[in-house]
Amino acid sequence: MFANVRFFLHAGALAVALLAVSCAASVSEKDAARAASLNKQGLSSFQSQIYPRALEFFLEAQQLNPTEAEYPNNAGMTYLRLNQVEPALESFNAAIAIRPRLPMYHYNLGLAHIRAKDRAAALASFQKAVELDSEYFDASAYLGLLYYQNGDYKQAAKHWENASALRENAEIETNLGMTYLELADVAAAEKTLLRATRIDPNYGMAHYNLGVFYQQQEQFEKAANSYMRTTELLPEKFETYLNLGIVQTNLEQKAQAKKSLERFLQLAPPQLKQQIADAKKRIADL
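Residues numbered from 1 in each chain as written. Predicted model: local features only at pLDDT ≥ 70, side-chain atom pairs only at ≥ 80, totals over all residues. Heavy atoms only, no water.

Draft legend 1. Here's a closer look at the side chain of threonine 231. For threonine 231, the position within the fold is in helix H12 (residues 220–233). Taking the relative accessible area as the measure of exposure, threonine 231 reaches 14% and is therefore buried. The contact partners of threonine 231, leaving out residues within four places of it in the chain, are Thr240, Tyr241 and Leu244. (Helix = DSSP H or I, 4+ residues; strand = E, 2+ residues; numbered from the N terminus. Buried < 20%, exposed > 50% of the residue type's maximum accessible area, 1.4 Å probe, protein only. Contact = heavy atoms within 4.5 Å.)

Draft legend 2. Expanded view of the packing of aromatic side chains. Under the counting rule described, the total for this entry stands at 9 aromatic pairs. With a centroid separation of 5.9 Å and an interplanar angle of 45°, the aromatic rings of tyrosine 148 and tryptophan 160 are classed as tilted. Taken as a pair, tyrosine 148 in helix H7 (residues 137–149) and tryptophan 160 in helix H8 (residues 153–166) lie far apart in primary sequence, 12 residues in all. Residue tyrosine 148 is classed as buried on the basis of its relative accessible area of 14%. (Phe/Tyr/Trp six-rings, centres within 6.5 Å; stacked < 30°, edge-to-face > 60°.)

Draft legend 3. Here's a closer look at helix H1 (residues 29–47). Counted at 1.5 Å a residue, the expected span for H1 with its 19 residues is 27 Å, and the 27 Å between its end C-alpha atoms agrees. All of the buried residues along H1 are Ala32, Ala35, Ala36, Leu38, Asn39, Gly42, Leu43, Ser45 and Phe46. The inward-facing, buried residues of H1 abut helix H2 (51–64) and helix H3 (70–81). The positive-phi residue at the C-terminal boundary of H1 is glutamine 49, with phi of around 65°. (Expected span 1.5 Å × (residues − 1).)

Draft legend 4. Structural view of the pattern of salt bridges. Taken as a whole and assessed by the stated rule, the structure comprises 9 salt bridges. Between arginine 195 and glutamate 173 there is a salt bridge, and its shortest N-O distance comes to 2.9 Å. Here glutamate 173 lies in helix H9 (residues 170–182) and arginine 195 lies in helix H10 (residues 186–199), a separation of 22 residues in the sequence. Accessibility expressed as a relative area gives 27% for arginine 195, which makes it partly exposed. In this structure, lysine 237 and glutamate 239 form a salt bridge, with 3.4 Å as the shortest nitrogen-oxygen distance. Glutamate 239 gets classed as buried once you look at its relative accessible area, which sits at 15%. (Salt bridge = Lys/Arg side-chain N within 4 Å of Asp/Glu carboxyl O.)

Draft legend 5. Representation of unusual backbone geometry within the structure. One non-glycine residue with positive phi stands out, namely lysine 117, at about 60°. Tracing the backbone shows lysine 117 in the loop between helix H5 (103–115) and helix H6 (119–132). Under the relative-accessibility criterion, lysine 117 is labelled exposed at 75%. Located in the positive-phi region is glutamate 218, a residue other than glycine, with phi close to 60°. Its place among the elements puts glutamate 218 in the loop between helix H11 (204–216) and H12.

Below you can see the structure in the form of structure tokens.
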């Protein structure tokens, strides 16, 4: 049983530092200053999770000074927090129209496309962010995830390798290791998964995926050790107990296998009928 590749990203950085106020001829000094003040109040409300109020501040700031890209960007992030995807898309596109070469705005637009379930548009937005800033870690990470989900493992590896070079991150290394396994590069997969466990010894998915790797390679003792560590870190992850029970059966550790399989039956959701039936049969065969 293979692990789902997951990479959880923050919702996108809200610009906290106030950008220089544009004083174009169409915006009076008074309106620009008022807009900057409203934006500051919006940031404070956003950070206090008072999102409807924050949105009011950002939209009023945008109305007073439509030449400043930060205001629609901040409105877009607030719309996302309010689960209003369409206005979020409009706001990010408005920010990009004003400042088309700021990578963060393209990244935020990509997040909105993800929420809209438009993966092709999200891919294009994250690609643009990386095109503008080759060291944009979060955009590279998301590109790796989208390509992996599309089954394009070479492209997934490329972008996760870029993210890995930028920052030590156990999730990235775990995902990259499983991508190497899909590409049949066994040596790179093991090396990368082991690196993930060293970067963060308490990251359970790294140990789980390392167990999957060793189980596939029929290195059952190593697989059992990895799964046992996973049970310590993620005690409610039911898949681990099924895999561990199978591995322990192969190691002729019947008592331990029975205990693991019974724990799987306790935790597994009822809709997993095939896996539950398999576990019961394995227990009966012990």
